[in-house]
Amino acid sequence: MKKYVFALILITVLVYLNSFGNAFVWDDLNNIVNSKQLDGPVIWQDIFFKPQPPAQFYRPIPFLTIVLDHFLWGKDPFGYHLTNFLFHLINVILIFYITASLTNTPIISFFCSLLFAIHPVHTEAITYISGRSDPICGFFLFTAFLFYGMEFQKTEIPTTENRLKVIAKRFSCPRSFNARYRQFVYFGLALVLFLLGL
């Protein structure tokens, strides 16, 4: 499995390597370069409860990453592009592990993840800094799906029909406290991560 993950990392880096030298464009100029909110002291409550212009929408998690990038990199676009790329790379690896858990076939998981990694539809979300809400949303949703699926990895039943029977049995039969607690933790984490992805 490690060789597939290494190959995915290498290919994804090669595909997006030319984007690290790009400058700020379009909305990046208003949201980052000319943002008065980033130049002054950033109040954490304002990020979550009082979005400032020019933002026309409420997206606190992507804006929080912009604030952290601004703290680390200032006005150097390289760091912002690196953050977008890292979110995409983590999503590629998450898809690999999700499909590996569903198919039990590393080669199928590799090609599914590779298609996701190099598909041109992701170009704008990865190379355009202000488009980072898409990979961040994907990160939270894929992680939620991974946590949700962890409960089903305890069974060794490959067919969909049998999985549905296992789900029905788990919700109808009494279980020990530890099993219930583990199930609520996985489902709770999945729900929180899903909500963060919205």
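For the structure given in this document, a descriptive report is provided here. Remember, it's a predicted structure, so these values are computed and weren't measured experimentally.

### Remarks on unusual backbone geometry
Even without glycine at this site, Asn104 takes up a positive phi of about 60 degrees. Mapped onto the fold, Asn104 is located in the loop between α6 (77-103) and α7 (106-118).

### Overview of the nonpolar core
Counting residues in hydrophobic clusters, the biggest one holds ten residues: Tyr4, Val5, Leu8, Val92, Ile95, Phe96, Phe110, Leu114, Phe116 and Ala117. Contributions of two or more residues to this core are made by α1 (2-16), α6 and α7. When residues of this core are assigned to their parent elements, the largest contribution, four residues, is made by α7. Setting aside residues up to four positions removed in sequence, Val5 forms contacts with Ile93, Phe96 and Tyr97. In this structure, Phe24, Ile66, Tyr80 and Ile129 belong to the second largest nonpolar core, which totals nine residues.

### Some points on the packing of α1 against α6
Two numbers describe how α1 lies on α6: the axes approach to 10 Å, and their chain directions differ by 150 degrees. Like other packed secondary-structure pairs, α1 and α6 cross with a definite hand, here right-handed. Facing α1, whose interface residues are Tyr4, Val5, Leu8, Ile9, Thr12, Val13 and Tyr16, α6 presents Phe85, His88, Leu89, Val92, Ile93, Phe96 and Tyr97. When grouped by side-chain class, the residues that make up the contact of α1 with α6 number twelve nonpolar, two polar and no charged.

### Points about the packing of helix α5 (residues 60-73) against α6
For the pair α5 and α6, interaxial distance at closest approach is 9 Å and the crossing angle is 135 degrees. One way to sum up the angle between α5 and α6 is to call them oblique. When the axes of α5 and α6 are compared, the crossing they make is right-handed. Taking contact as the criterion, the partners of Thr65, Ile66, Asp69, His70 and Trp73 in α5 are, on α6, Phe78, Gly79, Tyr80, Leu82, Thr83 and Phe87. The residue inventory of the contact of α5 with α6, partitioned by class, reads six nonpolar, four polar and one charged.

### Quick look at the pattern of salt bridges
Enumeration according to the criterion identifies one salt bridge in this entry. In this structure, Arg132 and Asp69 form a salt bridge, with 2.8 Å as the shortest nitrogen-oxygen distance. Here Arg132, found in the loop between α8 (123-127) and α9 (133-150), pairs with Asp69, found in helix α5; they are 63 residues apart in sequence, far enough to count as distant. The pair formed by Arg132 and Asp69 is uniform in burial state, with each residue classed as buried.

### Brief notes about α7
Over its 13 residues, α7 extends 18 Å from the first C-alpha to the last, a length consistent with the 18 Å expected when each residue adds 1.5 Å. Among all positions in α7, only Ser109, Phe110, Ser113, Leu114, Phe116 and Ala117 are buried. For α7, the angular spread of buried residues about the axis comes to 160 degrees, placing them on one side.

### Quick look at the side chain of Arg132
With a relative accessible area of 1%, Arg132 lands in the buried category. A polar atom in the side chain of Arg132 sits 3.0 Å from the side chain of Thr65. A polar contact of 2.7 Å, which involves the side chain of Arg132, links it to the side chain of Asn84. If we ignore the near neighbours within four places in the chain, the residues touching Arg132 are Pro62, Thr65, Ile66, Asp69, Tyr80, Thr83, Asn84 and Ala125.

### Overview of the packing of aromatic side chains
Taken as a whole and judged by the stated rule, the model has 13 aromatic pairs. Plain terms: the ring middles of Phe20 and Phe85 are 5.4 Å apart, the flat faces sit at 85 degrees to each other, and that makes the pair edge-to-face. On the criterion of sequence distance, the pair formed by Phe20 in the loop between α1 and α2 (27-33) and Phe85 in helix α6 is long-range, its members being 65 residues apart. Judged by relative accessible area, Phe20 falls into the buried class, the value being 13%. According to the relative accessible area criterion, Phe85 is buried, its value standing at 4%. Their ring planes at 70 degrees and their centres at 5.4 Å tell us that Phe24 and Tyr80 sit as a pair that is edge-to-face. Here Phe24 is found in the loop between α1 and α2, whereas its partner Tyr80 is found in helix α6, with 56 residues between them in sequence. For Phe24, a relative accessible area of 13% translates into the label buried. Following the ring pairs from residue to residue traces out a cluster consisting of Tyr4, Phe96, Tyr97, Phe110 and Phe111.

Definitions and cut-offs
Starting from 1, residues in each chain are numbered consecutively following that chain's sequence as written. Under the rules for a predicted model, residues below a pLDDT of 70 receive no local features and side-chain atom pairs below 80 are neither given nor counted, while totals for whole chains, interfaces and linings still include all residues. Excluded from the side-chain calculations are hydrogens and water; all other atoms, namely the structure's heavy atoms, are used. The way it works is that DSSP assigns letters per residue, a run of H or I at least four long becomes a helix, a run of E at least two long becomes a strand, and they are numbered from the N terminus. Only buried residues count toward a nonpolar core. Its members are Ala, Val, Leu, Ile, Met, Phe, Trp, Tyr and Cys residues joined through side-chain atoms within 4.5 Å. Working definition: with a 1.4 Å probe on protein chains only, accessible area under 20% of the residue-type maximum means buried, over 50% means exposed, and in between means partly exposed. Whether two residues are in contact is decided by their heavy atoms, any of which lying within 4.5 Å being enough. Each axis is a line fitted through C-alpha atoms, and for a helix only the stretch in contact is used; angles between axes span 0 to 180 degrees, taken between their N-to-C directions. Note on convention: the crossing is left-handed when the near helix lies turned anticlockwise from the far helix by less than a right angle, right-handed when the turn is clockwise. By the convention adopted, Pro, Cys, Tyr, Trp, Phe, Met, Ile, Leu, Val and Ala count as nonpolar, Lys, Arg, Asp and Glu as charged, and the other residues, Gly among them, as polar. Roughly parallel means an angle under 35 degrees; roughly antiparallel, over 145; roughly perpendicular, 65 to 115; everything else is oblique. We define a salt bridge as a side-chain nitrogen of Lys or Arg found within 4 Å of a carboxyl oxygen belonging to Asp or Glu. By definition here, a helix of n residues has an expected span of 1.5 Å times n minus one. The directions from the helix axis to the C-beta atoms form the arc being described. We define a polar contact as two N or O atoms separated by no more than 3.5 Å, with the added condition that, inside protein, one atom must be a possible hydrogen donor and the other a possible acceptor, whereas residues neighbouring each other in sequence contribute only through side-chain atom pairs. Any Phe, Tyr or Trp ring, taking Trp's six-membered ring, that has another such ring centre within 6.5 Å forms a pair; planes under 30 degrees apart are called stacked, those over 60 apart edge-to-face, and the others tilted.

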